[in-house]
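Chain and residue survey
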Amino acid sequence: MALEHALLVALSERPAAGLELARRFDRSIGFFWSATHQQIYKVLRRMEDDGWVTAEVQAQTAAPDKRVYTVTDVGTKALADWIATTTPRAGFRSEIAVKMRAASYGDRTALEANLRELVDDHRTRLAHYEGMAARDYPEPTRLEGQELDTYLVLRGGILQETFWIAWITEYLEAHA
């Protein structure tokens, strides 16, 4: 996936200025596709050059003018074409898994400390996702369309965090 596609998704949900888009990206799509604010601005300029988005300049009183980006018909088609392509099958690729397998050849104590930190991070993220689900989707069985799609991606994040917590905890308990 290219950053362009992630930005097209975010802008399809709601047009935005670069800074607003970067902040929204950090709070949503950024959980599974990361990009710096500089990368986002660079890609937005390229998308505008390619005709995927347009930018309307809006004057502000206490700040510089801002550019609000909107997806064009060309961008909508590019996103639809990308959605229709076959997605490469994901394998289980994890640096921490390789370290866990190699623990007997190095400093297991340091690795286990790192694993405990990872579990804490995953618990924090899980709590965040669960809070978002409870706040934004109190009745998930009533969802449809784009709201259902967004909720199901959030559920994927919840399940992934649950997996990481369970698996790393099992590893740590086995070596206790």
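Everything below is about the structure shown above.
Each value, and the rule that gives it
- Residues numbered from 1 in each chain as written.
- Predicted model: local features only at pLDDT ≥ 70, side-chain atom pairs only at ≥ 80, totals over all residues.
- Heavy atoms only, no water.
- Helix = DSSP H or I, 4+ residues; strand = E, 2+ residues; numbered from the N terminus.
- Buried < 20%, exposed > 50% of the residue type's maximum accessible area, 1.4 Å probe, protein only.
- Contact = heavy atoms within 4.5 Å.
- Axes fitted to C-alpha atoms, helices over the stretch in contact; angles between N-to-C directions.
- Parallel < 35°, antiparallel > 145°, perpendicular 65-115°, else oblique.
- Left-handed = near helix turned anticlockwise from the far one by under 90°.
- Nonpolar A, V, L, I, M, F, W, Y, C, P; charged D, E, K, R; others polar.
- Salt bridge = Lys/Arg side-chain N within 4 Å of Asp/Glu carboxyl O.
- Core = buried A, V, L, I, M, F, W, Y, C linked by side-chain atoms within 4.5 Å.
- Pairing = 2+ DSSP bridges.

1. Looking at the environment of leucine 118
Within the secondary structure layout, leucine 118 lies in helix α6 (residues 108–136). Using a relative accessible area of 23% as the deciding quantity, one classes leucine 118 as partly exposed. Sequence separation between leucine 118 and tryptophan 82 is 36 residues, and the spatial gap between their C-alpha atoms is 33 Å. Beyond its immediate stretch of four places on either side in the chain, leucine 118 contacts Ile96 and Ile168.

2. Comments concerning the packing of α6 against helix α7 (residues 145–174)
α7 packs onto α6 with a crossing angle of 155° between their chain directions and a minimal axis gap of 9 Å. Taken together, the axes of α6 and α7 are roughly antiparallel relative to one another. Regarding α6 and α7, the two cross each other, and that crossing is left-handed. Across the contact of α6 with α7, the residue classes tally to 15 nonpolar, four polar and seven charged.

3. Looking at the pattern of salt bridges
In total, this model carries eight salt bridges according to the counting rule given. Between glutamate 4 and arginine 46 there is a salt bridge; the shortest N-O distance is 2.5 Å. You can see glutamate 4 sitting in helix α1 (residues 3–13) and its partner arginine 46 sitting in helix α3 (residues 37–49), a full 42 residues away along the chain. Glutamate 4 gets classed as buried once you look at its relative accessible area, which sits at 13%.

4. So, the nonpolar core
Leu7, Leu8, Leu11, Leu21, Phe25 and Ile40 are the most contacted members of the largest nonpolar core, which totals 22 residues. Elements supplying a minimum of two residues to this core: α1, α2 (18–27), α3, β3 (66–71) and α4 (73–84). Considering every element that reaches this core, the biggest residue donor is α1, with six residues. Of all hydrophobic cores here, the second largest spans 20 residues; its members include Tyr129, Tyr137, Leu154 and Trp164.

5. A look at the pairing of β3
Pairing of strand β1 (residues 16–17) with β3, which is carried by two bridges, proceeds in the antiparallel orientation. The residue bridging alanine 17 from the neighbouring strand is valine 68, located in β3. Pairing of strand β2 (residues 53–58) with β3, which is carried by six bridges, proceeds in the antiparallel orientation. In the strand pairing of β3, glutamate 56 is matched with valine 68.

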